[in-house]
Structure formats: structure tokens, C-alpha cells
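A look at the structure
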Amino acid sequence: MTGTASPGLRDFYEDPAVPVASGDARSSRQARLLAAALGTSPGQLVLDVGCGDGSAASVAAPFLAGHRLVGVDWSHDALRRARTRLGAVVRGELDHGLPFADGCADAVLFSEVVEHLVDPDHALDELRRVLRPGGHLMLSTPNLAAWYNRALLLAGVQPVFSEVSLRGIHGRPGSQVVGHLRLYTARALRSFLTASGFRDVTITGAPFHGVPRGLRLLDRAACAVPGAASILLAHARRG
């Protein structure tokens, strides 16, 4: 995880019990999209900002063979685990400025990070800074308007992915606290990226690994309608 955080949030994300990995289905979809965007030119620099334990990057690595993949996180515990999966990791914080030169990166992976940030505006400014003009941003985040959340809200139930406390889950399905501070719909995410200086924004959907087994086929089918999918995958280019 990278970004602005209070001391309480820092302690929360340094706790080894807090999950720092996400589902392989989302990671592989995102990696395939990025590989297609990068094309055949080898040796391009891809920064996995907020790499967590490196599990997403390890899933992406076969799709990005021939490119330089560097994991970035501020959590010491996450980086310790990521080193076993990634050839290169760097400690960096979005709020203090990433330790990379302006325009050095061809692409940035920003997977399941933006929903944890106190200041997502500054974070997008920093990602835009390290990207070359026309460079690729691949961002993923849970969808507030996922198909099941629409039904839950109609029933007066707190939507999945939302959290009202760092100490426990209240009023919604599930039991695991992961520190979500912000949630986006497809429309909001597209508007946010455009306002942050990115262009050619496209949004697709991905399934959520936490959906109960009996509903997983339905969840995969919902990916055909990104606005109703569990996970939003956004591809944009630096303007």
C-alpha cells in the first residue's frame, strides 16, 4: 500500500493479518489488458504501485515477459513478502513522492489501492508524474454498484466492500476488515480519471474472489456489463 495515511491507518496496514492480496482472476485480466496495450516493444518499465505481497505481480509476470516489473509499497511487511515473488521492489509513498523520475515509467499498475487512500487526488497526480506522456495506467477497484450491492441497498443493507470501522464489519455480509475508505461506480471512476489528466479511459469488469461459490458463474457473467461487475478495471493514458 502507498499513500497518505494517519498513524492509525499505518499501523493497520502494517499488521500481517490484514490482507494485501486480491484475486487471480482480476490480476490476470488486468495483466492481459496491459500486455495488449504495451504491444511488442520489449524492456518497458512497469511500476506495480501498491504491490502488496507481490501476488498480483506474480500472476501478471508471465503476461509481461520481456518488460521490467518493479513493485512499490510503503508497508515493510508487504515488501518483505513481495521480495519472494518479485525480482525488484522499492519502498515508496505517494504522499511524499515516489522515488522515480518524471516520465520514467511506460505503465503503472494500481490494483486495489485507490479505495484505501485518504487523498486519491494527490495519488493520481503522482502516478501521472512518473508516467511518460501517453503512458498507460491500469487501475482496478471494487465497484460500489456491483450487481449484488444494488440488491443489498434496496433491502437497506450496507453494500459489500464498504466499511464503517477498522475494528469490525457492521451491517453487511462478510467479516474481514481491509480498510476501504472510498468506493467508486464506473461513472464516477471514469470522471475522476479524466479530471486527473488521463485520457482514453476504458472500463471493463472482473469477478470478485470473495463471492460465494454458488454465485460465481453469475458474477462472471456480470463482467459483460462493467457498471454491474464486482471489480472495475480501468485503462487510461497519461494526457
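Values in this document were obtained by computation on a predicted structure and should not be read as measured data.

**With respect to the sheet that holds strand E2 (residues 68–73)**
Within a sheet, adjacent strands bond to each other through the backbone by hydrogen bonds, running parallel or antiparallel. Judged by pairing direction, the sheet is mixed, and its seven strands sit side by side in the order E3-E2-E1-E4-E5-E7-E6 without closing on themselves. Every other strand in the sheet has two partners, leaving strand E3 (89–91) and strand E6 (198–206) as the edge strands with one partner each. Pairwise comparison of adjacent strand axes, ignoring direction, gives a mean angle of 20 degrees for this sheet. The sheet contact formed by strand E1 (residues 45–49) and strand E4 (residues 105–111) spans three bridges and is parallel. Looking at the pairing, leucine 47 lines up with valine 108 of E4. Helix H2 (residues 24–38) rests against E1, E4, strand E5 (131–142), E6 and strand E7 (231–238) of the sheet, and its axis sits at about 165 degrees to E5. Its contacts with the sheet place helix H7 (residues 186–195) against E5, E6 and E7, and it is angled at close to 155 degrees to E6.

**Observations concerning H2**
With 15 residues, H2 should cover 21 Å at 1.5 Å per step; its first-to-last C-alpha distance of 21 Å lies within 8% of that length. Restricting attention to buried positions, one finds in H2 the residues Arg26, Ser27, Ser28, Gln30, Ala31, Leu34, Ala35 and Leu38. In this structure, the buried side of H2 is in contact with E1, helix H3 (55–60), E4, E5, E6 and E7. Two residues or fewer after H2 comes glycine 39, characterised by a positive phi angle close to 75 degrees.

**Here we look at the environment of histidine 209**
By the element assignment, histidine 209 lies in the loop between E6 and helix H8 (216–222). Between the C-alpha atoms of histidine 209 and serine 230, which are 21 residues apart in sequence, the distance is 9.3 Å.

**Some remarks on the state of the cysteines**
The full count for this structure, using the stated rule, is zero disulfides. With no disulfide of its own, cysteine 51 lies closest to cysteine 104 among cysteine sulfurs, the gap being 16 Å. When its relative accessible area of 4% is taken as the criterion, cysteine 51 is described as buried.

**As for the pairing of E4**
Looking along a regular strand, one sees the side chains alternate between the two faces of the sheet. Most of E4 is tucked away, with seven of its seven residues classed as buried. Here six bridges tie E4 to E5, and the two strands are oriented parallel to one another. Across the sheet, residue serine 111 finds its bridge partner in E5, namely serine 140. Once the chain exits E4 it traverses helix H5 (residues 120–130) before rejoining the sheet at E5, and the crossover so formed is right-handed.

The rules behind these values
Residue positions are given per chain, counting from 1 as you read along its sequence in written order. The predicted nature of this model means local features are confined to residues of pLDDT at least 70 and side-chain atom pairs, given and counted, to a pLDDT of 80 or more, with totals for whole chains, interfaces and linings taken over all residues. Side-chain numbers come from the whole structure's heavy atoms, not from hydrogens or water. Pairing between two strands requires that DSSP report at least two bridges joining them. By definition, any uninterrupted DSSP run of H or I lasting at least four residues is a helix, any uninterrupted run of E lasting at least two residues is a strand, and each is numbered from the N terminus. Comment: axis = line fitted to C-alpha atoms, over the contacting stretch for helices; angle = value between 0 and 180 degrees taken between N-to-C directions. Contacts are assigned to residue pairs with any non-hydrogen atoms lying within 4.5 Å of each other. By this rule, a helix spans an expected 1.5 Å times one less than how many residues it contains. Only protein chains enter the calculation, and the probe is 1.4 Å; a residue is then buried if its accessible area is under 20% of its type maximum, exposed if over 50%, and partly exposed in between. The definition used for a disulfide is geometric: two cysteine sulfur atoms within 2.5 Å. Orienting the strands away from the viewer, one traces the path from the first strand over the helix to the second; a clockwise path indicates a right-handed crossover.

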